[in-house]
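Chain by chain, the residues run as shown.
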Amino acid sequence: MASKTLFQTTMRTARSQRFSLLVLSFLANILLLASSIYMLQVFDRVLASGSLDTLIWLSVIAIFAIITYGFLEFARRKILNRTGAWVASELSPAVIKRTISARLEHGRSPAGLGDVKDVRNFLAGDAILAFLDAPWTPVFITVIWLMHPFLGMIAVAGAIMLFAIGVLHDILTRHRASTAAMQMREVNNDAQAYVENAETLAGMGMVEAVLANWKRSRAQAEADGSQAEETSSVLYNLSRSLRLALQIAILGTGAALVLRAELTAGGMIAASIILARALSPVERAISAWKAFGSYRLASGRLERLFRMTADDQPQVSLPKPEGKLEVTDLRYFSPETKAPIIRSVSMKLAPGTLCGVLGPSGSGKSSLCRLLVGAWRPNFGEVRLDGASLSDWNSTERGKFIGYLPQQTELFHGTIAQNIARMGEVDDAAVLAAARKAGAHGMILALEHGYETEVGNFADQLSGGQKQRIGLARALYKDPSLVVLDEPNSNLDGTGELALQQALVKMRKAGQTVVVVSHVPTLLRHMDKIAVIQDGTVAAFGNRDDIMRDMMAKGRHVTAKSASQAAE
Ligand SMILES: Nc1ncnc2c1ncn2[C@@H]1O[C@H](COP(=O)(O)OP(=O)(O)OP(=O)(O)O)[C@@H](O)[C@H]1O
């Protein structure tokens, strides 16, 4: 049998509140009978006997019962709210982590934080209360039946009809509501992407055009959603009217029974109040159906997310590697199309080797970098550091020994120092050393708040080159054994590039293994080895001078001038 996912165990713990909720609901529903018993007694006893004392005592008891009911109701809601908040706090970080894994392993994630919100809203909302009260419907109907079978029959018929409306509601709205919700999610994601790419849109006058497309998609989602809402509100109103009609039916029948002396006037009023209580959960369940529908879809998606991604098991701690890199028959297929992106790449680098990676656009250089740092898991083959496969390491621990600068440098919300320290505990000396090595120290000090400058949100004022230098410092933080730099000089000026060259030389001296994707001759000049990637495979690999000479002879990819500069 498949083991339980974190989602299942969290939901199971949440369900353990069931017992206290059931007890509270039991007491609350018993107390709900107080007002009907009060009516019964007032009509049949007080009015008949004319005893003011009895009325006062009955009223005191009824008020006490209602106040107690209020406390119980408050306690029920508090438990639900706390459970909802607890579930959200347990699931949210795990969902973010799994969403990252799903993106890396499968190209997309079936669930996100919106689903956690739906689960929370359901657990903390009215729907659960309606479901908890629903078992009381037959109890209340039995009480009415005991008062008079005729009244009982009306109550049973009413409950069946209301239930049928609930089922009809589910059948008619479930599919449409879920499609509309999915479309709305996409539409909202699009809107978010527009905001994030504000400069491109504004710079090329694209705002109106993307908005026109967006409005069309939104209108479609809205149309599906409002049709589901309309069906929902028609059925909800039908159920309300039915309940009012039942109320009249029970009062009318009760009155007829009173006339025939088969029921007391108090019994008639009490039956009408109990009927309202009996049918209320059924009616509330219809309006809570939407939350339940969203919950059902969200929990399905979350369950899929937890099933499709593996837990990062705590592996055996391994010592810091020296940096011996071995890549054997590495293959990677697109998670979505299954097209090969990397086909059989093998190479070996000794510690302290600088290896340049060249190749045409789209040949797989960045993909190889992602595999080398363990961000992507290969479909076949292995990347080994000091003989241990990257998958033998826990990803957090492995990350400490690896430095990676992707093509697009993204900084995270926090200070520059925190970003360089990889958002963990800031080791000031190590941050300074990394920044100096990356040639970023002077640039950071020139900022108004220096290392304490807040970055990583829409408001951050850093240029592309500044971000790249901070990204480089982050990659060099605490001298990792393997450093992979994907076009590290794409945004650098002369000073930045010089600093990068000096950093490369220092890394070689320190015995760090470095892989650099670059076509810039001044950088390639520092390399010991060169790997030429073409169509996802290694077209050539060897000592820099040999490869460059070979490439010059074939006139391949790098221009003869840059190759000769690099070979100098
Ligand atoms: N996340 C992904 N999912 C599916 N395919 C991808 C993904 N990332 C890249 N690819 C595909 O893999 C191939 C190699 O892309 P990659 O970015 O590794 O090339 P590259 O050599 O780094 O190119 P460039 O020099 O332009 O950056 C491309 O055909 C690309 O479409």
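Small disclaimer: the values here were computed from a predicted structure and weren't measured.

Asks: Hey, could you run me through the overall build of the chain in this one?
Replies: Of the regular secondary structure elements, the chain holds 21 helices and 12 strands. For a compact globule of 568 residues, the expected C-alpha radius of gyration is about 24 Å, and the chain comes in at 35 Å, more than 25% above that figure. Across its three principal directions, the C-alpha atoms of the chain cover 115 × 50 × 45 Å. Evaluated residue by residue, the chain yields a buried proportion of 36% over its 568 residues.

Asks: What is the right way to look at helix α4 (residues 113–124) in this model?
Replies: For the α-helix, the turn length of 3.6 residues means that residues three or four positions removed from each other point alike. The terminal C-alpha atoms of α4 lie 16 Å apart, and with 12 residues this matches the ideal 16 Å at 1.5 Å per residue to within 8%. Within α4 the residues assigned to the buried category are Asp115, Val116, Asp118, Val119, Arg120, Phe122, Leu123 and Ala124. Turning to α4, the residues buried within the fold contact α1 (6–15), α3 (52–106), α5 (126–133) and α11 (289–308).

Asks: I would appreciate a short explanation of the UniProt feature "transmembrane region" (unreviewed entry) in the chain in the present structure.
Replies: In the numbering used here, UniProt assigns the feature "transmembrane region" (unreviewed entry) to residues 21–43, 55–72, 127–147 and 153–172. In the segment residues 55–72, helix accounts for 100% and strand for 0%; the C-alpha atoms at its two ends are 25 Å apart.

Asks: Just checking my understanding: could you explain the site of the ligand for this structure?
Replies: Taken together, Gly107, Ser334, Ile341, Gly359, Ser361, Gly362, Ser363, Gly364, Lys365, Ser366 and Ser367 make up the full set of residues adjacent to the ligand. If one sorts the elements of the shell around the ligand by residue count, helix α12 (residues 365–372) sits on top with 3 residues. Among the residues forming the shell around the ligand, the class breakdown is 1 nonpolar, 9 polar and 1 charged.

Asks: I would appreciate a short explanation of the confidence of the model for the chain in the present structure.
Replies: Regions with low pLDDT carry predicted coordinates that are not meant to be interpreted in detail. Mean pLDDT over the chain stands at 86; residues scoring 70 or higher make up 95%. Between residues 557–568, whose pLDDT stays under 50, and residues either more than four places distant or in other chains, the model counts 24 contacts.

Asks: What exactly am I supposed to notice about the packing of helix α7 (residues 149–196) against helix α10 (residues 265–287) here?
Replies: Two packed helices can be described by the angle between their axes and the distance between those axes. Their axes nearest at 9 Å, the elements α7 and α10 cross at an angle of 10 degrees. Here α7 is positioned roughly parallel relative to α10, judged by the angle of their axes. Across the interface between the two elements, Leu151, Ala155, Gly158, Ala159, Leu162, Phe163, Ile165, Gly166 and His169 of α7 pack against Ala271, Leu275, Ala278, Leu279, Val282, Glu283, Ala285 and Ile286 of α10. Residues that form the contact of α7 with α10 fall into these classes: 13 nonpolar, 3 polar and 1 charged.

Asks: Where do I start with the pairing of strand β4 (residues 380–385) in this structure?
Replies: One ladder, built from 5 bridges, connects strand β1 (residues 325–333) with β4; its direction is antiparallel. Across the sheet, Arg331 pairs through a bridge with Phe380, a residue of β4. Direction of pairing for β4 relative to strand β5 (residues 388–389): antiparallel, over a ladder of 2 bridges. Of the residues in β5, the one forming a bridge with Leu385 is Ala388.

Asks: Would you take a moment to explain the sheet that holds strand β2 (residues 340–349) for this structure?
Replies: An order of β2-β1-β4-β5 is seen for the 4 strands of this open sheet, with the pairing classed as antiparallel. Each edge of the open sheet carries a strand with a single partner, namely β2 and β5.

Asks: Can you walk me through the packing of helix α9 (residues 207–259) against α10 in this structure?
Replies: Taken N-terminus to C-terminus, the directions of α9 and α10 make an angle of 165 degrees; their axes are 9 Å apart at the nearest point. It follows that α9 is roughly antiparallel to α10 by the angle criterion. Note on packing geometry: the crossing formed by α9 with α10 is right-handed. Contact residues: α9 offers Leu235, Tyr236, Ser239, Arg243, Leu246, Gln247, Ile250, Leu251, Gly254, Ala255 and Val258, while α10 offers Ala265, Gly267, Met268, Ala271, Ser272, Leu275, Ala276, Leu279, Glu283, Ile286 and Ser287. Across the contact of α9 with α10, the residue classes break down as 14 nonpolar, 6 polar and 2 charged.

Asks: Would you explain the domain arrangement of the chain in this entry?
Replies: A common way to express how large an interface is: the accessible area buried when the components associate. With domains assigned, the chain is organised as domain 1 (7–125 + 297–309), domain 2 (135–287) and domain 3 (325–567). Averaged C-alpha coordinates put domain 1 and domain 3 at centres separated by 52 Å. Across the side of domain 1 that touches domain 3, the residue classes tally to 1 nonpolar, 2 polar and 1 charged.

Conventions and cut-offs
- Residues numbered from 1 in each chain as written.
- Predicted model: local features only at pLDDT ≥ 70, side-chain atom pairs only at ≥ 80, totals over all residues.
- Helix = DSSP H or I, 4+ residues; strand = E, 2+ residues; numbered from the N terminus.
- Rg over C-alpha atoms; globule rule 2.2 N^0.38 Å.
- Buried ≥ 20, exposed ≤ 12 C-beta atoms within 10 Å, placed from the backbone.
- Expected span 1.5 Å × (residues − 1).
- Contact = placed C-beta atoms within 7 Å.
- UniProt positions renumbered as here; feature names shortened; annotations may be inferred.
- Near = placed C-beta within 6 Å.
- Nonpolar A, V, L, I, M, F, W, Y, C, P; charged D, E, K, R; others polar.
- pLDDT = per-residue confidence, 0-100.
- Axes fitted to C-alpha atoms, helices over the stretch in contact; angles between N-to-C directions.
- Parallel < 35°, antiparallel > 145°, perpendicular 65-115°, else oblique.
- Pairing = 2+ DSSP bridges.
- Left-handed = near helix turned anticlockwise from the far one by under 90°.
- Domains from an automatic or database assignment.

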